[in-house]
Amino acid sequence: MADPSARRDDDEQPARPCSRCGTELLLHWHVMTGVWMELCPACDAHRPAARAFIQWHRDPKALPKLFEDWETETMHAQGWMPAPQPDAPPSPPTHLRLVPPGRG
């Protein structure tokens, strides 16, 4: 029986080796200009956008953190720095009239 985690969607292309190093690509597609776009974890890890895309491809839950990093990077380029986040204030004590009878 085939491993279900290795199953690909019907519209996905079959695995293809990297044209630069020969390892399996994470993603590849053909652009209308005739250029093959390749995302190789070995060859592209040094490129910031590709590295972020590799991270996202491996862990889709990383997208919010990637967005936060991109936002911080963009704001930093404009001279802004993130302000330290204050601790949440303590919640006020419960008023006794809001406690059900026999529980307070």
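In what follows, the accompanying structure is described. Every value quoted in this text rests on a predicted model; they were computed, and no experiment measured them.

What to know about the packing of aromatic side chains
Line of reasoning, step 1. For the structure shown, the criterion picks out one aromatic pair.
Line of reasoning, step 2. Centroid distance Phe53 to Trp56: 5.3 Å. Interplanar angle 15 degrees. Geometry classified as stacked. Within this pair, Phe53 and its partner Trp56 are both found in helix α1 (residues 48-58), separated by three residues, close to a single helical turn.
Line of reasoning, step 3. Lying across the ring of Trp36, Arg16 places its NZ or CZ 4.0 Å from the centre.

So, the layout of surface pockets
Line of reasoning, step 1. Considered as a void within the structure, the second largest pocket measures approximately 210 Å³ in volume.
Line of reasoning, step 2. When residues of the lining of the second largest pocket are traced back to their parent elements, those giving at least two are α1 and α2 (63-77).
Line of reasoning, step 3. Considering every element that reaches the lining of the second largest pocket, the biggest residue donor is α1, with five residues.

Digging into the pairing of strand β1 (residues 27-30)
Line of reasoning, step 1. Bridging between β1 and strand β2 (residues 36-39) involves four bridges; their strand directions are antiparallel. The partner of His30 across the bridge, within β2, is Trp36.
Line of reasoning, step 2. The loop that links β1 with its antiparallel partner β2 comprises five residues; one of these, Gly34, has a positive phi angle of about 100 degrees.

Rules of the game
- Residues numbered from 1 in each chain as written.
- Predicted model: local features only at pLDDT ≥ 70, side-chain atom pairs only at ≥ 80, totals over all residues.
- Heavy atoms only, no water.
- Phe/Tyr/Trp six-rings, centres within 6.5 Å; stacked < 30°, edge-to-face > 60°.
- Helix = DSSP H or I, 4+ residues; strand = E, 2+ residues; numbered from the N terminus.
- Lys NZ or Arg CZ within 6 Å of the ring centre and 35° of its normal.
- 1 Å grid on protein atoms, 1.4 Å probe; cavity = no way out; pocket = protein on both sides within 12 Å on 5 of 7 lines; lining within 4 Å.
- Points joined across faces, edges and corners; volume = space filled by probe spheres on them.
- Pairing = 2+ DSSP bridges.

The analysis is restricted to geometry; functional conclusions fall outside its scope.
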